[in-house]
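# Breakdown of the fold
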Amino acid sequence: MKLDRVAALIGKEVRELTRDHITLALAFLMPLVLLFLYGYAVTLDVKGIRLGVYDGDGSAASRALVDRFTATPYFALRRHFIALSEIEPALQRSDVRVVLVIPAQFERRLVAGETAPVQVLADGTYAATSALAAGYAEVIIDAFPTPRTSGVRIESRVWYNPELRSANFVVPGLFAVILMAFPPLLTALAIVREKETGSIQQIYASPVTSAEFVAAKLIPYAGLALLEMLLLVVVGTLWFDVPFVGSPLLLLLAACVYVLTTVAIGLSVSAVTRTQLTAMLVALLVSLMPSMLFSGFLFPVFTMPFSMQLYSAIIPASYFTEISRGIVLKGMGWDALWPNLTLLLAYTAVLFAFAAWRLKQKVAT
């Protein structure tokens, strides 16, 4: 590989890229659009759950229990039920998500020191939200009228995200997912466009080797992807107020490796496709969709079936999701991150070799 030829090809790619103002605008605008869309839309925070109440006791104690619910930001009282038969239709219409049923004799049982049962009904069609709502309700009821004493005292602490804010883990995960969307797509389209116009025949007829050609495509688009990454990190952490406890320099280093991987995926896609439409569909199929579902961005990988965990292991975004969250939220260092970075480097090397090999075959034919 001759560096002067690679440098000349890189200069050509940079000139073509900078003259394509629409592509450049999309390259920086669309990641920001996705960041804001997913940053606001993907949330597991549970606030303002629509609460219905059936108060069969009508006592001061039952009203005090209802006040405990409405005093929190988690529940918003939407309806008082007169009869138990009104509850199920309201849940079916989603008028309420949680119903608190307080039976008669509630206050009398409390005063007598007896167990006063209370029922909480939750709409299970949204399983995660219902589980959180039922948990909040259980905590409120357990602490009514006063916290119960026990020989065992639990002191729970949540590390790395003590407020349990969804944005704190969604935004670092988006760094991995969004970078898997556009760099592979732009790279794949750039090479396939040359195939369609026939300009790649000039490369085939020149002394440029396939490895030099692939490297010249890899470096400019990796630089563009790195700028996208910097933009996402700055805007994501500042706008969504995500704490950054780790080393920005280490995240930048990891991002350099990751963007090479994403661009290498685009090069591999371009090596096996002939039209821009096919390249676009294949790039989205092998990069964005698996990254969204199987990288641990939304669902923890360890909760998936074993076969899906194996599938997740071949998705680069899985490793960078761990890296970005580890640096941003946990302040992890090089000693904890090097295995994932090594795998990403190996992944990039394999894809680079595959793309160069496929292009070499084209030259030979």
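Residues numbered from 1 in each chain as written. Predicted model: local features only at pLDDT ≥ 70, side-chain atom pairs only at ≥ 80, totals over all residues. Heavy atoms only, no water.

## Some thoughts on the UniProt feature "transmembrane region" (unreviewed entry) in the protein chain
What counts is decided by this rule: UniProt positions are given in the numbering used here, feature names are shortened, and annotations may be inferred rather than shown by experiment. Strands are runs of DSSP state E lasting at least two residues, helices are runs of H or I lasting at least four, and both sets are numbered from the N terminus onward.
The positions that UniProt labels "transmembrane region" (unreviewed entry) are, in the present scheme, residues 21-41, 169-192, 218-240, 246-269, 281-302 and 337-357. End-to-end, the C-alpha atoms of residues 169-192 are 36 Å apart, and along that stretch the chain is 92% helix and 0% strand. Segment residues 218-240 splits into 96% helix and 0% strand. End C-alpha atoms: 32 Å apart.

## Digging into helix H6 (residues 127-142)
Filter applied, for reference: In this scheme, a helix's expected span is set at 1.5 Å multiplied by one less than its residue total. Buried residues are those whose accessible area, probed at 1.4 Å on protein chains only, stays under 20% of the maximum for their type, while exposed residues exceed 50% and partly exposed ones sit between those limits. What the arc measures is the spread of directions leading from the helix axis to the C-beta atoms. Note on contacts: a residue pair is in contact if any heavy atoms of the two residues lie within 4.5 Å.
Taking 1.5 Å per residue as the helical rise, H6 with its 16 residues ought to reach 22 Å, and the 22 Å between its terminal C-alpha atoms agrees with that figure. When we look at burial in H6, the residues that qualify are Ser130, Ala133, Ala137, Ile140 and Ile141. On an axial view of H6, the arc spanned by its buried residues comes to 95°, and they lie on one face. Turned more than 90 degrees away from the buried face of H6, the exposed residues are Ala127, Ala131, Glu138 and Val139. Buried residues along H6 sit in contact with strand E1 (49-55), helix H3 (60-70), strand E2 (75-81), strand E3 (98-102) and strand E4 (119-122).

## Notes on helix H1 (residues 3-19)
Here H1 is 17 residues long and its end C-alpha atoms lie 24 Å apart, about the 24 Å a rise of 1.5 Å per residue gives. Inspection of H1 places Val6, Leu9, Ile10, Glu13 and Leu17 among the buried residues, and these make up the whole buried set. Along the axis of H1, the buried positions cluster into a sector of 105°, meaning they face one direction only. Away from its buried face by more than 90 degrees, H1 exposes Asp4 and Arg19. Here the buried face of H1 lies against helix H2 (21-41), helix H8 (182-197), helix H9 (200-205) and helix H10 (210-239).

## Overview of the packing of H2 against H10
For any two helices packed against each other, the geometry is given by the interaxial angle and the distance between the axes. Short version of the rule: Convention adopted: a line fitted to C-alpha atoms gives each axis, helices being fitted over their contacting stretch, and angles between N-to-C directions are expressed from 0 to 180 degrees. In this scheme the handedness of a crossing depends on how the near helix is turned from the far one: anticlockwise by less than a right angle means left-handed, clockwise means right-handed. Residues are grouped as follows: Ala, Val, Leu, Ile, Met, Phe, Trp, Tyr, Cys and Pro are nonpolar; Asp, Glu, Lys and Arg are charged; every other residue, Gly included, is polar.
Orientation of H2 relative to H10, taken along the N-to-C sense of each, is 35°, at an axis distance of 10 Å. Note on packing geometry: the crossing formed by H2 with H10 is right-handed. Where H2 abuts H10, its residues Leu24, Ala27, Phe28, Pro31, Leu32, Leu35, Phe36 and Tyr40 lie against Leu224, Leu227, Glu228, Leu231, Leu232, Val235, Gly236 and Trp239. The residue inventory of the contact of H2 with H10, partitioned by class, reads 14 nonpolar, one polar and one charged.

## Concerning the pattern of salt bridges
Test applied: Counted as salt bridges are all cases of a side-chain nitrogen of Lys or Arg within 4 Å of a carboxyl oxygen of Asp or Glu.
The tally for this structure, following the rule as stated, stands at 10 salt bridges. We note a salt bridge from glutamate 212 to arginine 5, for which the minimum N-O separation is 2.9 Å. On the criterion of sequence distance, the pair formed by glutamate 212 in helix H10 and arginine 5 in helix H1 is long-range, its members being 207 residues apart. Residue arginine 5 is classed as partly exposed on the basis of its relative accessible area of 24%. Note that glutamate 13 is salt-bridged to lysine 12, the shortest N-O span being 3.2 Å. By relative accessible area, which is 24% here, lysine 12 ends up partly exposed. A single salt-bridge network, built from bridges that share partners, covers Lys12, Glu13, Glu16, Glu194 and Lys217.

## Description of the nonpolar core
Put simply, the test is: Put simply, a nonpolar core is a bunch of buried Ala, Val, Leu, Ile, Met, Phe, Trp, Tyr and Cys residues held in one set by side-chain atoms that sit within 4.5 Å of each other.
In terms of nonpolar packing, the biggest core is built from 80 residues, with Leu35, Phe175, Tyr258, Phe320 and Ile323 touching the most fellow members. Here this core gets 13 residues from one element, more than from any other, and that element is H10. Once you skip the residues sitting within four places of it in the chain, phenylalanine 175 turns out to touch Met229, Leu232, Val233, Thr237, Tyr258, Phe320, Ser324 and Val328. By size, the runner-up hydrophobic cluster in this structure holds 19 residues, among which are Val46, Leu51, Phe69 and Val98.

## With respect to the side chain of threonine 348
Filter applied, for reference: We call two N or O atoms a polar contact when they sit within 3.5 Å, provided that within protein one can donate a hydrogen and the other can accept it, with sequence-adjacent residues counted only if both atoms are side-chain atoms.
In this fold, threonine 348 is placed in helix H15 (residues 334-364). A distance of 2.8 Å separates a polar side-chain atom of threonine 348 from the backbone oxygen of leucine 344. If we skip the residues at most four places from it in the chain, threonine 348 touches Val257, Leu260, Thr261 and Ala264.

## Some words on the environment of glutamate 212
Taking relative accessible area as the criterion, glutamate 212 reaches 1% and is therefore assigned buried. Along the primary structure glutamate 212 and aspartate 142 are separated by 70 residues, whereas in three dimensions their C-alpha atoms are 68 Å apart. Among all residues touching glutamate 212, those that are not within four sequence positions of it are Met1, Lys2, Arg5, Val6, Leu9 and Pro207. Polar side-chain contacts of glutamate 212 include one of 2.9 Å to the side chain of arginine 5.

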